[in-house]
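For reference, the chains in residue letters:
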Amino acid sequence: MYAEMIEIDDKIVSADLLRECFACDIAQCKGICCVEGNAGAPLEAEEIDTLEREYPAYKPYMTAAGIAAVEKQGFMVVDADGDYTTPLVDDAECAYAYEENGVTLCAIEKAWAEGRTAYRKPISCHLYPIRLVRFSNGTVGLNYHRWSVCAAARECGRRQGLPVYKALEEPIVRRFGEEFYKALEAAEELLKNR
């Protein structure tokens, strides 16, 4: 069975982003998405220079193992699919992760929150559980990635009645702009009324 898709400008959006619920529940998951997986977080090409340029701002929050991973592997690595991703520490957590009070967090975002950098974190992390797919014709697909480690977030979203796209308004606007977000709102209304 194929997921229903909605076309908005040059983007193909899974209707699941409008129908399914999600609200990150870090108290339950403890930031496990920064630790588990088979590769680092996807990076956009233009983010690589930013990661290198802003390194002095977020390096103080990184672990010694994370710093060693970046210094050995670089600010990004190419995964098995040929995509740019964040480097990992021992094929586990993201090199840019650190732990605070038993929760895995992002050193880059910590530097951003403290005003040390204008770069918040990789857009793929900010958008999660939305995963972007680039097609050869320039179209971008927005898919809902279901991962077992986010079960608490799905339950929290259901309790709040919060669709995935609404939970991710800020990163969607950051990546695609306010008009695209408004188009998602309109698409949700159309789906409800059919």
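Residues numbered from 1 in each chain as written. Predicted model: local features only at pLDDT ≥ 70, side-chain atom pairs only at ≥ 80, totals over all residues. Heavy atoms only, no water.

(A) Molecular detail of the sheet that holds strand S8 (residues 140–144). The mixed open sheet is built from 4 strands, whose spatial order is S1-S2-S8-S7. Of all the strands in the sheet, just strand S1 (5–8) and strand S7 (130–134) have a single pairing partner and so form its edges. Across the sheet, the mean angle separating the axes of adjacent strands is 25 degrees when strand polarity is ignored. Across 5 bridges, the pairing between S7 and S8 is antiparallel. Within S8, the residue paired with Arg-134 across the bridge is Val-140. The sheet contacts of helix H10 (residues 169–176) involve strand S2 (11–14), S7 and S8, and relative to S7 the element is tilted by about 20 degrees. Helix-sheet contacts for helix H11 (residues 178–192) involve S1, S2 and S8, and the interaxial angle to S1 is about 140 degrees. (Pairing = 2+ DSSP bridges. Helix = DSSP H or I, 4+ residues; strand = E, 2+ residues; numbered from the N terminus. Axes fitted to C-alpha atoms, helices over the stretch in contact; angles between N-to-C directions. Contact = heavy atoms within 4.5 Å.)

(B) Geometry of the pattern of salt bridges. Going through the model one piece at a time under the given rule, you end up with 18 salt bridges. Across the pair Glu-100 and Lys-110 runs a salt bridge, and its minimum N-O distance is 3.3 Å. On the criterion of sequence distance, the pair formed by Glu-100 in strand S5 (residues 97–100) and Lys-110 in helix H6 (residues 107–113) is long-range, its members being 10 residues apart. One salt bridge connects Glu-155 with Arg-159, and the closest N-O pair in it is separated by 4.0 Å. Separated by 4 residues within a single helix, Glu-155 and Arg-159 lie in helix H8 (residues 151–160), roughly one turn from each other. (Salt bridge = Lys/Arg side-chain N within 4 Å of Asp/Glu carboxyl O.)

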